[in-house]
Amino acid sequence: MNIILALLTAALWGTTYGVTQYTLPDWPPLLLGAIRALPAGLILLCVRPRLPSRQHLWPLLKLGAVNIALFFSLIFVMAHTLPSAISGVGMVSVPLFAMIFQFLVLKHKPSVAQIVAGVSLLLLGLMLFNPGSLTLNPVGLVAMLAAIGCIIVGSRMTQTLSGKLHWWDVLVWQLILGGAILALISAVQWLLAPAGFAAVADGFSGRELAGIGWIVLFNTVLAYGLYVFLMQRMSIVDFTFGGIANPITGIALGVLLIGEQYSQTQYLLMAGMIVSSLLPSLWQRFKR
């Protein structure tokens, strides 16, 4: 059940690229990050209002800075500078990076099933997305690598802090504090370079409002709620295998919103990637 919820979480996150490009293509990445995080945190705070203690405020601020402020900014930079193919390859490689981190830092050796599944995901992703045929934006590539690092380090920080605080408080306050950081930086950016906010100054269309609503409610409130909840029940490596739903969802939105087309072979590769992502979980059940 946990891996299914992880797939759902990643699928919701995978809508970021398509929804941003379709509804909010010219909006500044920092502002989008603030809009995504701060309202979601305040909505969740209304459900269960509770202030963190002073001793937990600094760890929550650090978590919000890494997991929300920095990560959200990098995701929107990727959405504006990289083709979905490159982003897709980056996301399917996260389990391999997570295994390396877990082995070097936590001294946890990955299982054979995890290694086989991780390598299979990367090879199938390279075959599907064919990044060698695309022009690479160096800014976008740096943002992608940094975002992968944020996923792994931020997940570890979430696990550690969830052992000291209720997972709901970790969820709410990382969104609020991280969103507040992004809001302050966005305000400074607006004062220094107001031209970059021209799309925002033009007013809101129905499409833009729908995009913001989706990003706040489904992409953040629901998806991040599932993420923090699962970090208590899964290892970082196991959770990242659910991340395959991220690029698959991006592809599906490309077909639905932008009219992209894929061959039967490409759809078979996608099915193979989904099976590979489920392999470690299925193997554990088989052994039990």
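What counts, and at which threshold
Residues numbered from 1 in each chain as written. Predicted model: local features only at pLDDT ≥ 70, side-chain atom pairs only at ≥ 80, totals over all residues. Heavy atoms only, no water. UniProt positions renumbered as here; feature names shortened; annotations may be inferred. Salt bridge = Lys/Arg side-chain N within 4 Å of Asp/Glu carboxyl O. Helix = DSSP H or I, 4+ residues; strand = E, 2+ residues; numbered from the N terminus. Buried < 20%, exposed > 50% of the residue type's maximum accessible area, 1.4 Å probe, protein only. 1 Å grid on protein atoms, 1.4 Å probe; cavity = no way out; pocket = protein on both sides within 12 Å on 5 of 7 lines; lining within 4 Å. Points joined across faces, edges and corners; volume = space filled by probe spheres on them. Nonpolar A, V, L, I, M, F, W, Y, C, P; charged D, E, K, R; others polar. Patch = residues over 30% accessible without salt bridge, like charges linked within 9 Å, V, L, I, M, F, W, Y side chains within 5 Å. Areas by Shrake-Rupley, 256 points an atom, 1.4 Å probe, with all protein chains shown as cover.

- As annotated in an unreviewed UniProt entry, the chain is Inner membrane transporter YedA from Shewanella khirikhana.
- Reading the Sequence similarities (unreviewed entry) entry of the UniProt record for the chain gives the comment "Belongs to the EamA transporter family."
- The record in UniProt for the chain states the following under Subcellular location (unreviewed entry): "Membrane".

**Structural notes on the pattern of salt bridges**
Reasoning step 1: For the structure on display, the rule yields 1 salt bridge.
Reasoning step 2: Note that Asp169 is salt-bridged to Arg50, the shortest N-O span being 2.6 Å. Separated by 119 residues along the polypeptide, Asp169 in helix α8 (residues 167–192) and Arg50 in the loop between α2 (29–47) and α3 (54–81) bring together distant segments of the chain.
Reasoning step 3: Given the relative accessible area of 36%, Arg50 is considered partly exposed.

**Considerations on the layout of surface pockets**
Reasoning step 1: Roughly 250 Å³ of volume is contained in the largest pocket.
Reasoning step 2: Secondary structure elements with two or more residues in the lining of the largest pocket: α1 (2–23), α11 (236–241) and α13 (264–287).
Reasoning step 3: Residue contributions to the lining of the largest pocket peak at 5 residues, all from α13.
Reasoning step 4: Classifying every residue of the lining of the largest pocket gives 5 nonpolar, 5 polar and 4 charged.

**Regarding a nonpolar patch on the surface**
Reasoning step 1: Taken together, the side chains of Ile43, Trp214, Leu217, Phe218 and Leu222 make up a nonpolar region of the molecular surface, amounting to roughly 410 Å² of accessible area.
Reasoning step 2: Among the elements that take part in the nonpolar patch, helix α10 (residues 206–230) stands out by supplying 4 residues, more than any other.
Reasoning step 3: If you trace the backbone, Ile43 turns up in helix α2.
Reasoning step 4: Since its relative accessible area comes to 37%, Ile43 is described here as partly exposed.

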